[in-house]
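Inside the fold
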Amino acid sequence: LVVVTIVAALLFTKEFTLVSFDEHFASVSGWPVRGIDLLAMSLTTLLVVVGLHAVGLVLVVARLILPAVTARLWSNRVATIVILAAGFGAGTGYFGAALSATFPDAPTGAVTVHVGGEWFIISLLFSPHAGLLIVALRQVRYSLRIAHEHLIEGLYVYGASGQMSDRIASRAELQAIAQERGRS
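All residue numbers refer to positions counted from 1 along the written sequence of the respective chain. At least 70 in pLDDT is required for a residue's local features to be given in this predicted model, at least 80 for side-chain atom pairs to be given and counted, and no such filter applies to totals for whole chains, interfaces and linings, which use all residues. By convention in this description, side-chain values take in all heavy atoms of the structure and omit both hydrogens and water.

Looking at the packing of aromatic side chains
Aromatic pairs are defined between Phe, Tyr and Trp rings, using the six-membered ring for Trp, whenever the two ring centres lie within 6.5 Å; interplanar angles under 30 degrees are classed as stacked, those over 60 as edge-to-face, and all others as tilted. Under the counting rule described, the total for this entry stands at four aromatic pairs. Note on Phe88 and Trp119: the rings are 5.8 Å apart at their centroids and 65 degrees apart in plane angle, and the pair reads as edge-to-face. Taken together, the residues span a long stretch of sequence, with Phe88 in helix α6 (residues 78–102) and Trp119 in helix α7 (residues 108–126) at a distance of 31 residues. Residue classification places Trp119 among the partly exposed positions, given a relative accessible area of 23%. Between Tyr94 and Phe95, the ring centres sit 5.3 Å apart and the planes meet at 75 degrees, which makes this aromatic pair edge-to-face. Numbering of helices and strands runs from the N terminus, with a helix taken as a DSSP run of H or I at least four residues long and a strand as a DSSP run of E at least two residues long. Exposed residues in this analysis have more than 50% of their type's maximum accessible area, buried residues have under 20%, and partly exposed residues fall in between, with area computed by a 1.4 Å probe over protein chains only.

Following this line, the structure appears as structure tokens:
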């Protein structure tokens, strides 16, 4: 079953990607959208049904979704996401099983999901494209850049207004001039 799924995924990668991301374009281009969608859903359903009997719903859902979502945080390209998701899936399985073997009372499935969850949280915080800390850092940098540009504009306007004197204007005065300049 795993081999059939892998072969189908490799053979129909382009079609699955096309239908998943732009169904209308695929339809207009003449692709059999319903057939491709049916094949993708059938393969997913088959894996879930077989996995349900083997390990249970929570583990199947976690092992199916966590690697893909974690990989998506690290890339925007489908091929890279597929490779990363396979790596995250294999890594969580390996490290989860190894930790479970180290601690005999810990169930392998739960430890594996825990490891996957930890990788997801680390990715959510630190991934270069969508990491919360990285996004917050970009926003702070952007705010500082805008404040700097407003300060430069205020200095320019203050100097151009002919109000220059020997004293240095306060930051509040410069900001007021920049805001007044922005309104006019």
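This is not the end of the story, as more comes after the structure.
Focus on a nonpolar patch on the surface
The patches reported here contain residues having more than 30% relative accessible area and no salt bridge. Joining distances are 9 Å for like charges and 5 Å for nonpolar side chains (Val, Leu, Ile, Met, Phe, Trp, Tyr). A 1.4 Å probe and the Shrake-Rupley method give the accessible areas. Residues count as covered only by the protein chains that appear here. Salt-bridge detection follows one rule: a side-chain nitrogen of Lys or Arg within 4 Å of a carboxyl oxygen of Asp or Glu. Residues Leu52, Leu57, Val58, Val61, Leu64, Ile65 and Val69 make up a contiguous nonpolar surface patch of roughly 590 Å² in combined accessible area. The biggest single contributor to the nonpolar patch is helix α5 (residues 57–74), with six residues.

Some words on helix α4 (residues 33–55)
Expected helix span is given by 1.5 Å per residue-to-residue step, counting one fewer step than there are residues. Helix length check: α4, at 23 residues, gives a terminal C-alpha distance of 32 Å against a target of 33 Å (1.5 Å per residue), a fit within 8%. Listed in full, the buried residues belonging to α4 are Val33, Ile36, Ala40, Leu43 and Gly51. Any two residues whose heavy atoms approach within 4.5 Å at even a single point are treated as in contact. Tucked inside the fold, the buried residues of α4 contact α1 (2–11), α2 (13–21), α3 (23–28) and α5. Looking one or two places after α4, you find Gly56, whose phi comes out positive at around 105 degrees.

Thoughts on the packing of α5 against α6
In contact at an axis separation of 8 Å, α5 and α6 are set at 130 degrees when each is read in the N-to-C sense. The orientation of α5 relative to α6 falls into the category oblique. The crossing of α5 and α6 is right-handed. Across the interface between the two elements, Arg63, Pro67, Ala68, Thr70, Ala71, Arg72 and Trp74 from α5 touch Ile81, Leu84, Ala85, Phe88, Gly89, Thr92 and Gly93 from α6. Following the grouping adopted for this structure description, the nonpolar residues are Ala, Val, Leu, Ile, Met, Phe, Trp, Tyr, Cys and Pro, the charged ones are Asp, Glu, Lys and Arg, and the polar ones are all others, Gly among them. Along the lines of polarity and charge, the residues of the contact of α5 with α6 split into eight nonpolar, four polar and two charged. Here an axis means a line fitted to C-alpha atoms, over the contact stretch when the element is a helix, while the angle between two N-to-C directions is reported on a 0 to 180 degree scale. Throughout this description, any angle smaller than 35 degrees is read as roughly parallel, any larger than 145 degrees as roughly antiparallel, any in the 65 to 115 degree range as roughly perpendicular, and the remainder as oblique. Helix crossings get a hand from a simple test, with the near helix turned counterclockwise from the far one by less than a right angle marking a left-handed crossing and a clockwise turn marking a right-handed one.

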